[in-house]
Amino acid sequence: MGFMNKLIGDAGASRRTDDYVDLDGVNAPEPEADTQVHIARINEKQDIIDIKDTVYAGDIVIADITRHTTQDRTMEQITDELQQVARGVGGDIVQKDEDQIIITPRGVKVSREKLGR
């Protein structure tokens with residue numbers, strides 16, 4: 001799989017957390033950050049506790065939901081809870097394809113328009 005496919009994904013391919021490439025070798029200064037992006041995997045309802053805490057703390061979460069289908073009752077409950085969190089902090093929530101949910105804190109909106117073609 002090429003670097004760009006790892007970065008933005010390959011249509012129809014499943015992704016795993018270890019598909020992300022750590023760029024520690026890049027000689028870039030480490031800037032101070034008020035907001036971080038976290039990667040999470042939702043396997044069961046209990047997993048959303050850390051996600052909620054992270055969003056309440058002001059960070060962004062990209063959650064992998066490949067274990068669930070969008071028609072799964074557990075997934076509906078999880079989505080409802082995460083929507084309440086996003087509303088509660090004045091943030092945003094969006095589902096990307098069938099495998100990811102992005103939850104943001106106040107002041108961060110997820111664009112619904114794709115870049116490029």
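Please refer to the structure higher up on the page.
These numbers come from a predicted model, not from an experiment.

Visitor: Any details on the overall build of the protein? Residues and values, ideally.
Guide: When helices and strands are tallied, the protein shows three helices and four strands. Along the protein, from the amino end to the carboxyl end, the secondary structure elements read α-β-α-β-α-β-β. Within the protein, buried positions represent 29% of all 117 residues. Long-range contacts, defined here as pairs at least 24 residues apart, represent 49% of the contacts in the protein between residues at least 6 apart. Accessible area of the protein: about 8,400 Å², with a carbon and sulfur share of 48%.

Visitor: Please set out the pattern of salt bridges residue by residue, giving values where relevant.
Guide: Under the counting rule described, the total for this entry stands at six salt bridges. Of the charged contacts, one joins Glu81 and Lys52 as a salt bridge, the two residues approaching to 3.0 Å between their closest N and O atoms. Of this pair, Glu81 sits in helix H3 (residues 73–89) while Lys52 sits in helix H2 (residues 48–56), and the two are 29 residues apart along the sequence.

Visitor: Run through the pairing of strand E1 (residues 37–41), naming residues and quoting values.
Guide: Where E1 and strand E2 (residues 60–64) come together, five bridges link them in parallel fashion. The residue of E2 that forms the bridge with Ile39 is Ile62. Remark: the E1/H2/E2 crossover connection has right-handed handedness.

Visitor: Just give me the short version of the sheet that holds E2, but keep the residues and values in it.
Guide: Spatially, four strands are ordered E1-E2-E4-E3 in an open sheet, and the strand pairing comes out mixed. Each having just a single partner strand, E1 and strand E3 (92–96) make up the two edges of the open sheet. Strand after strand, the sheet turns through a mean of 20° between neighbouring axes, direction not considered. Pairing of E3 with strand E4 (residues 100–104), which is carried by five bridges, proceeds in the antiparallel orientation.

Visitor: For H2, give the residues involved together with the corresponding values.
Guide: All buried positions along H2 are accounted for by Ile48, Ile51, Thr54 and Val55. Take H2 and look down its axis: the buried residues cluster within an arc of 120°, on one side only. For H2, the exposed residues set more than 90 degrees away from the buried face come down to Asp50 and Tyr56. Tucked inside the fold, the buried residues of H2 contact E1, E2, H3 and E4. Following H2 by one or two positions, Gly58 adopts a phi angle in the positive range, close to 100°.

So, how was this worked out
- Residues numbered from 1 in each chain as written.
- Predicted model: local features only at pLDDT ≥ 70, side-chain atom pairs only at ≥ 80, totals over all residues.
- Heavy atoms only, no water.
- Helix = DSSP H or I, 4+ residues; strand = E, 2+ residues; numbered from the N terminus.
- Buried < 20%, exposed > 50% of the residue type's maximum accessible area, 1.4 Å probe, protein only.
- Contact = heavy atoms within 4.5 Å.
- Areas by Shrake-Rupley, 256 points an atom, 1.4 Å probe, with all protein chains shown as cover.
- Salt bridge = Lys/Arg side-chain N within 4 Å of Asp/Glu carboxyl O.
- Pairing = 2+ DSSP bridges.
- Right-handed = clockwise from strand over helix to strand, strands pointing away.
- Axes fitted to C-alpha atoms, helices over the stretch in contact; angles between N-to-C directions.
- Arc of directions from axis to C-beta.

It is worth stressing that arrangement in space is one thing and function is another; only the former is reported here.
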